[in-house]
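Single-letter residue listing:
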Amino acid sequence: MKMGAENIFKRIVHIEDSDSALVQGKLIGGFPIDSVVFSNIFSDRTKNASKMIYSQFNIETTLAIPYTNKHSNLTKDYVSLITELKIGKIILKIGTWGINNSFMDPGGFQYQNQKSIQDLQSWISDFKKKYDIPIYLHPIRQLSLSPHLFYKNIITELSDLHIPLSIDLGCVLSDYKNWGTEYKKEIIGFLKDNPLISMFWLSAVRKAGDAFIPCACERVDDEIWGILDFLKCEESSLILMTDRLSSDAQITSDVKKLMNVKGAVPKHEYFN
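Residues take numbers from 1 onward in each chain, read along the sequence in its written order. For a predicted model such as this one, the threshold for reporting local features is a pLDDT of at least 70, and the threshold for listing and counting side-chain atom pairs is 80 or more; totals across whole chains, interfaces and linings nevertheless cover every residue. Heavy atoms from the whole structure form the basis of all side-chain values; hydrogens and water molecules are not counted.

Participant: Would you explain the overall build of the protein chain in this entry?
Facilitator: A run of H or I in DSSP counts as a helix once it spans at least four residues, and a run of E counts as a strand once it spans at least two, with each numbered from the N terminus. Scanning the protein chain from terminus to terminus reveals nine helices and twelve strands. Residues counted as buried form 53% of the 272 residues belonging to the protein chain. Accessibility here uses a 1.4 Å probe with only protein chains present; expressed as a share of the type maximum, an area under 20% marks a residue as buried, one over 50% as exposed, and anything in between as partly exposed.

Participant: Which parts of the structure should I look at to understand the environment of Leu-231?
Facilitator: Relative to the elements of secondary structure, Leu-231 occurs in helix α8 (residues 222-231). Distance from Leu-231 to Gly-189, taken between C-alpha atoms, is 9.3 Å for residues 42 residues apart in sequence.

Participant: So what exactly am I meant to see when it comes to the packing of helix α1 (residues 21-29) against helix α9 (residues 248-259) here?
Facilitator: The angle between the axes and the distance between the axes are what describe a pair of packed helices. Every axis corresponds to a line fitted to the C-alpha atoms, with the helix fit spanning only the stretch in contact, and the corresponding angles, defined between N-to-C directions, vary from 0 to 180 degrees. Where α1 meets α9, the closest approach of the two axes is 10 Å, and the angle between their N-to-C directions is 30 degrees. As the angle between them shows, α1 and α9 are arranged roughly parallel. In the packing of α1 onto α9, the handedness of the crossing is right-handed. Note on element contacts: α9 touches α1 through Asp-248, Ile-251 and Thr-252, opposite Gln-24, Leu-27 and Ile-28. Throughout, the ten residues Ala, Val, Leu, Ile, Met, Phe, Trp, Tyr, Cys and Pro are labelled nonpolar, Asp, Glu, Lys and Arg are labelled charged, and all others, Gly among them, are labelled polar. Residue classes in the contact of α1 with α9 are distributed as three nonpolar, two polar and one charged. The labels follow the angle: roughly parallel below 35 degrees, roughly antiparallel above 145, roughly perpendicular from 65 to 115, and oblique for the rest. Should the near helix be turned anticlockwise from the far one by less than a right angle, the crossing is left-handed, and should it be turned clockwise, the crossing is right-handed. In this analysis, two residues are considered to be in contact whenever any of their non-hydrogen atoms come within 4.5 Å of each other.

Participant: What exactly am I supposed to notice about the packing of aromatic side chains here?
Facilitator: The description of an aromatic ring pair uses the distance of the two centres, along with the angle that the planes make with each other. By convention, a stacked pair of Phe, Tyr or Trp rings (six-membered ring in the case of Trp) has centres within 6.5 Å and planes under 30 degrees apart, an edge-to-face pair has planes over 60 apart, and any other such pair is tilted. Following the criterion strictly, the structure yields six aromatic pairs and no others. When the centroid spacing of 4.9 Å and the interplanar angle of 40 degrees are considered together, the rings of Phe-127 and Tyr-131 count as tilted. Note on Phe-127: relative accessible area 4%, which makes it buried. Relative to Tyr-151, the ring of Phe-150 has its centre 5.0 Å away and its plane inclined at 85 degrees; by these criteria the two rings are edge-to-face. For the residue pair Phe-150 and Tyr-151, the accessibility class agrees, reading buried in each case. Taken together, the aromatic side chains of Tyr-67, Trp-123, Phe-127 and Tyr-131 make up a single cluster linked through ring pairs. By the criterion adopted, a ring carries a charge over it if an Arg CZ or a Lys NZ lies within 6 Å of its centre and within 35 degrees of its normal. A cation over a ring is seen here: Lys-177 above Phe-212, with NZ or CZ 5.3 Å from the ring centre.

Participant: Can you walk me through the pairing of strand β7 (residues 135-139) in this structure?
Facilitator: Regular strands show a simple pattern: their side chains alternate between the two faces of the sheet. Taken across its five residues, β7 has five buried, putting it largely inside the fold. Because side chains alternate across β7, one face comprises the buried residues Ile-135, Leu-137 and Pro-139, and the other comprises Tyr-136 and His-138, equally buried. As paired elements, strand β4 (residues 87-94) and β7 share five bridges and run parallel to each other. Of the residues in β7, the one forming a bridge with Lys-93 is His-138. The pairing criterion is simple: DSSP has to find at least two bridges between the two strands.

Participant: Can you help me understand the side chain of Ser-237 in this one?
Facilitator: Along the chain, Ser-237 turns up in strand β12 (residues 237-240). A residue is classified by how much of its surface remains accessible, and Ser-237, at 1% relative accessible area, is buried. Definition of a polar contact: a pair of N or O atoms within 3.5 Å, with one able to donate and the other able to accept a hydrogen when the atoms are protein atoms, and with sequence-neighbouring residues admitted only if both atoms are side-chain atoms. In terms of polar contacts, Ser-237 uses its side chain to reach the side chain of Tyr-136, at 3.3 Å. Setting aside anything within four residues of it in sequence, one finds Ser-237 in contact with Lys-10, Ile-12, Lys-89, Tyr-136, Ser-198, Met-199 and Phe-200.

Encoded structure:
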């Protein structure tokens, strides 16, 4: 972990596309956060919430863009929103969820397809020629993939692009619970040693059938805050997950915790 005189965190809150987006946006905008990110920015509900949050609270939107390949029309449609909304950051979500909630990876990242990496690099280069907006890469974590394949192979491959990376800590905690705690030291050690990992999604974790999955409708799991303590660096971006089922009390409590995150040496040795 890098240490400096003062650590600077960007605090972002995720808002789900729902009838509650505008009301939740007003509640969240009352806190001194840096940005909001929406689950789906194409609906009138989220577009109106994004514009309201900027006009009333001067808070920009972080745009999460699905990326499957450099010629994707869907990706182009998302990029077109940059001229309509006040966008402060871009998160490229690598991979996609397909029919019947199955995971597809048409970009080939799961298999370390070199052409997919070259195409992504080309897309990023073309984007930067047009827009001066920071980009983060967020590889979607499909929980049936082995932790080794995801954390070592996929993240290592994307790290070669030297673009900041985004990680869902709810998925990290779910991996411990689903695959066994013997993976804990390996995963945390790998994430800690990668200086490009600087954006962290914070959520609860719940049981769904036989598996644990991230959940945004409950307060952030205490163990997630502990993982964040260990991994955060000088200029981390922290994304607090909420959804349409989040109560005002849940949102208020978690946003207050988010605002109180301090830059410090880890409070404990998380490997214990």
